[in-house]
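Observations on the three-dimensional arrangement
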Amino acid sequence: MKLSQLLAATALVLATASLPAAAQTARIGYVPVEEHPVGQGVNKFAELVAEKTGGRIELQKFGNGTLGNEPQMQSSIQGGILEVMVGPTSNLVGSIPEFLIFDLPFFYPDFAAVDKVMDGRVGDALFEKLDALNMVGLAYWDNGFRHMTNAVRPINSVDDVAGLNIRVIPNPLFISTFTALGANPVPLPYPELFTALETRAVDAQETPVGLIHSSRFYEVQDHLALTGHVYTPYLLLASKAWFDGLSAEDQALVMEAAHESAVYQRDLSRNDADRLIGLLEEEGMEVTRLSDEEMARMRETVAPVVEEFTETIGADLIQQAREDMGTAN
């Protein structure tokens, strides 16, 4: 080899060696649109991961159900096909019944109580159970308290719920709750909901105001009742195969980014709720707030459901949650 060729080859090797390592790409999937607090939380999480890892990990974002509905993505996470996703805790109850603690009706009085459970002993214990499903819990995100909408009548009392065909999450606790309230629960995957409402296959649905607005349910529903009957959080989940493949340093940085994104996403979601209720009213929805007496009647009506599922969830776990919230008897 000529000297000039040798020098050129050496320079190429040195230049290549000085280049930063190629970024490791990972996909993150979620069902809401990008404008929803989940979409904005995903943007923040991806930004924090890239920043903290110096660009070693790049998250490719797929919203609006592009990678499938939440149960489908969860299956992909478990199989190591998808790296990261955001989805509600309600999808996990078939495998980990203790997650039903987040579906108990009228169990959480406010956001402060919710955070004490998610960020305390109960939240940690539930995350530990994900290991058996080949998943890693990165953080709890906000999904807001759930409220009812329908196209039939305003809901001002428990009696107004009776007889409504209401779409519910395919989850036994939701089915039992709305059966107790006298409604006819219809389990449906979320992506099928708008069409079901539009065609009047169902009269009603129950989701947080963020989803009610971003999914444009006001186009097919006339009445919104601010019942706040259930708080179901979102989970930021990772595939165990992907997470375990990261270096210990990058695992810690991803966890750090997840916790910071949770603070951002929760604040965004919760602070936006009142504004969204106002926008829904502007779109023509009639918004009702039940009296304290009617809310008490609703709680009493579903109290047997809480008792029914206490054994499934675990009395000790429920007691821990009540102690951490300061609502223990």
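Below is a summary of the structure that appears in this document. (Residues numbered from 1 in each chain as written. Predicted model: local features only at pLDDT ≥ 70, side-chain atom pairs only at ≥ 80, totals over all residues. Heavy atoms only, no water.)

A short note on the sheet that holds strand 6 (residues 165–168)
Within the open sheet, the six strands sit side by side as 7-6-8-5-9-11. Their pairing is mixed. Only two strands of the sheet have a single partner each, and these edge strands are strand 7 (184–187) and strand 11 (286–288). In this sheet, neighbouring strand axes are inclined to one another by 35° on average, regardless of whether the strands run parallel or antiparallel. Relative to strand 8 (residues 204–207), strand 5 (residues 145–150) runs antiparallel, the two being bridged by four bridges. By the bridge assignment, Met148 is partnered in strand 8 with Glu206. (Pairing = 2+ DSSP bridges. Helix = DSSP H or I, 4+ residues; strand = E, 2+ residues; numbered from the N terminus. Axes fitted to C-alpha atoms, helices over the stretch in contact; angles between N-to-C directions.)

Here's the deal with the environment of Ser239
Within the secondary structure, Ser239 is located in strand 10 (residues 234–239). Residue classification places Ser239 among the buried residues on the basis of a relative accessible area of 1%. Between the C-alpha atom of Ser239 and that of Ala162, which follows or precedes it by 77 residues, the distance is 42 Å. A polar contact of 3.3 Å, which involves the side chain of Ser239, links it to the backbone nitrogen of Ala241. (Buried < 20%, exposed > 50% of the residue type's maximum accessible area, 1.4 Å probe, protein only. Polar contact = N/O pair within 3.5 Å; in protein donor to acceptor, adjacent residues only side chain to side chain.)

Side note on the side chain of Thr232
Tracing the chain through its elements places Thr232 in the loop between strand 9 (223–231) and strand 10. Its relative accessible area of 0% is what places Thr232 among the buried residues. A polar side-chain atom of Thr232 sits 3.1 Å from a polar atom in the side chain of Asp103. Once residues lying within four places of it in the same chain are set aside, the contact partners of Thr232 are Pro88, Thr89, Ser90, Phe102, Asp103, Asn143, Gly144, Arg146 and Phe174. (Contact = heavy atoms within 4.5 Å.)

Quick notes on the sheet that holds strand 10
Read across the open sheet, the five strands follow the order 2-1-3-10-4; overall the sheet is mixed. The strands lining the two open edges of the sheet, one partner per strand, are strand 2 (57–62) and strand 4 (135–141). Adjacent strand axes in the sheet meet at a mean angle of 25° when their direction is disregarded. Here strand 1 (residues 24–29) pairs with strand 2 via six bridges, running parallel. The residue of strand 2 that forms the bridge with Ile28 is Lys61. Seen against the sheet, helix 2 (residues 37–52) touches strand 1, strand 2, strand 3 (84–88), strand 4 and strand 10 and runs at an angle of roughly 165° to strand 2.

Section: unusual backbone geometry
A positive phi is found at Asn134, a non-glycine position, where the angle reads about 60°. The topology assignment puts Asn134 in the loop between helix 5 (121–129) and strand 4. Taking relative accessible area as the criterion, Asn134 reaches 41% and is therefore assigned partly exposed. Despite not being glycine, Arg200 shows a phi value in the positive range, around 65°. By secondary structure assignment, the location of Arg200 is in the loop between helix 7 (193–198) and strand 8.

Some points on the packing of helix 12 (residues 292–313) against helix 13 (residues 315–325)
Contact geometry for helix 12 and helix 13: axes closest at 6 Å, N-to-C directions at 110°. Classified by the interaxial angle, the pair formed by helix 12 and helix 13 is roughly perpendicular. Here Val306, Thr310 and Ile313 of helix 12 lie close against helix 13, whose contacting residues are Ala315, Leu317, Ile318 and Arg322. By residue class, the composition of the contact of helix 12 with helix 13 is five nonpolar, one polar and one charged. (Parallel < 35°, antiparallel > 145°, perpendicular 65-115°, else oblique. Nonpolar A, V, L, I, M, F, W, Y, C, P; charged D, E, K, R; others polar.)

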